[in-house]
Amino acid sequence: MTSPSLRALAEGGVPAALDRPYKYLRLEWTAELGMLRVRTCVKPIQCYSLAGMTELQRMLDDIAENPGLVRHFVLSSDVAGVFNFGGDLALFVLLVRAQDIDSLKMYGRRCVDLVWWMETAALRGVHTTVLVQGDTLGGGLESVLPFHKVIFERSAQAGFPEVLFNLFPGMGAWQFTIRKAGFAVANDMILSGRLYTADQLLRRSLVDAVVDDGAGEEAILDVVRSVEPKLRGTLAALIAQRLAAPITYESLVQAVELWAETALTLTTRDLRLMERLARAQVRKAGGAGEGAVEEIKRIELDTAWGELRGGNTGFDEERGTGLTAWGAL
Amino acid sequence: MSKFFADLVIRTDEARRAFETHPVVLDAVAHGMPLPRYRTLLLELYHVVWHFNPVCAAAASRLTDSHKQVRYFLYEHMQEESGHEEWVRNDLEAVGVPASDTAGHTPSAFTQALVGYNYWAADRANPCSVLGMLYTLEVIASVYGGPFASAIKESLLLEGERGVSFINSHATMDAEHMAELRVVLNTLEDAPSREAVIGAALVNFHHFTRIIEQV
């Protein structure tokens, strides 16, 4: 939902250079701020489908080909309760069963190209902000980490569940989590498969701001308005920040290649777990209160009961809160 | 030239997702189906499976030696699929449909359209189009068959494999078939054959979605 103040700012349509008939994206333009607002709507299962990613990449290419036009890029989801479920699980199952490593690598590289664009956005004169208002899992979380400003609404939950089905998040999770939150947090998050609340992610510095539910739109405007007067300096600082803690395209591609090779080793049991998650996503898309997040809890209970019962997360305030620290919710 | 299987996956991805995200399919995968609708689905499926090998045979008979690897693939595949319509009939009996009712069932217009198209494509368009039918049916079986069978078992309180043996076994079996199908698809180098496969896959996804929609 666009807030009244944002709506009032939006002037006219999207510039012709960016205006295309997208199926999975909804674009809004605020000329005063040079702000392109993009809402993803890969309905009913919000994930990084091939077609959705193709549209996203085309839109980012348009921004790159028109330097100076977009100063602020803002991404959010148009699907209630879900920012992004990450990879297209059904496509993964298909490709793994077909033992098609070429297509798995192709899919992974497309994901990497998207996160790389965000990683290098400051070099294009673009400041990036993302608003997460619902569940974001695996690739969904990876995709927000390279943004300059990451805002979560309080009820949003996120994590990297891939290890539960013998995989790992291979599109930048390690690189971006280590840079933002440190090695220990990356280890904990990626190797446990646990899910985290917005506040828990804020404490780990993976999220820059947590706002109450419904306040995300105003928070976006606050960020963009505060950055706009000092945009050149901010972008230069962000370029320098990435020089200080560089992530290379090559390292992202290497991780994707390893991810694809690992995916080919998934067993029927692993794929069945993936299918359980996919089914849970479907239930959530159908309007059920429970979705993939709850299914991950059940999978953890089924497969790892006892392993993390101590709840030793390394964060004192979360000790002993249970298998996935849900008591802290 | 790029590997054809990857191209097929990309160019049919929206059709696959249109099937996957159809409200009826979403609901069936999430919650299963009431017994009468599941019976109807199996009755429709019976005819799809019954005509599977004859369609493959029609295609094999039309393939020239330039595509003999596809013909040999079809021979082996037909051998493996032979008699599987009996599995569907057994599942129908397990959910209360006698064999005489199965034999007397007239398939819906959508099933007739699917089967009729596949015969026509194999006979009059391009025999390689049969691989588009195989791709679609194996994607549906190996990717969605498992979750759907689980949902059906939960919703109808079925025990073991009773009533879901065809769908459940193909969910696993077609995983191996999918890898074999990828290999043969990647041998296709001529554009007309590739386009025929893609076109047939798109039609099969479309018609199969309609079949499930109307049960």
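All of the points below concern the structure found in this document. (Residues numbered from 1 in each chain as written. Chains lettered and ligands numbered in written order. Predicted model: local features only at pLDDT ≥ 70, side-chain atom pairs only at ≥ 80, totals over all residues. Heavy atoms only, no water.)

Residue and element names in this part refer to chain A. Evaluation of the coordinates by the stated rule reveals 13 aromatic pairs over all chains. Judged by centre distance (5.2 Å) and plane angle (85°), the rings of Phe92 and Tyr107 are edge-to-face. One end of the pair, Phe92, is in helix H3 (residues 89–97); the other, Tyr107, is in helix H4 (residues 101–119), with 15 residues separating them in the sequence. Judged by relative accessible area, Tyr107 falls into the buried class, the value being 1%. Measuring from centroid to centroid gives 5.3 Å for Phe92 and Trp259, while their planes differ by 65°, and the two rings are edge-to-face. You can see Phe92 sitting in helix H3 and its partner Trp259 sitting in helix H11 (residues 249–263), a full 167 residues away along the chain. Here Phe92 and Trp259 have matching classes, each one buried. (Phe/Tyr/Trp six-rings, centres within 6.5 Å; stacked < 30°, edge-to-face > 60°. Helix = DSSP H or I, 4+ residues; strand = E, 2+ residues; numbered from the N terminus. Buried < 20%, exposed > 50% of the residue type's maximum accessible area, 1.4 Å probe, protein only.)

Contacts between the two partners involve 32 residues from chain B, matched on the other side by 28 residues from chain A. When chain B packs against chain A, close to 2400 Å² is buried across both sides, 60% of that on carbon and sulfur atoms. Interface area lost by chain B to chain A is led by B:Glu14, B:Arg17 and B:Leu26, which between them contribute 20%. The interface formed by chain B and chain A includes 4 salt bridges. Of the charged contacts in the structure, one is a salt bridge between B:Arg16 and A:Asp88, with a shortest N-O distance of 2.8 Å. (Contact = heavy atoms within 4.5 Å. Buried area = accessible area lost by both parts, 1.4 Å probe. Salt bridge = Lys/Arg side-chain N within 4 Å of Asp/Glu carboxyl O.)

Glancing now at the pattern of salt bridges. Residues and elements named next belong to chain A. Within this structure, the stated rule accounts for 30 salt bridges over all chains. The partner of Glu28 in a salt bridge is Arg26, and the shortest N-O contact between them spans 3.6 Å. For Arg26, a relative accessible area of 36% puts it in the partly exposed group. Taken together, the salt bridges that share partners define one network made up of Arg26, Glu28, Arg37, Arg39, Asp78 and Glu217.

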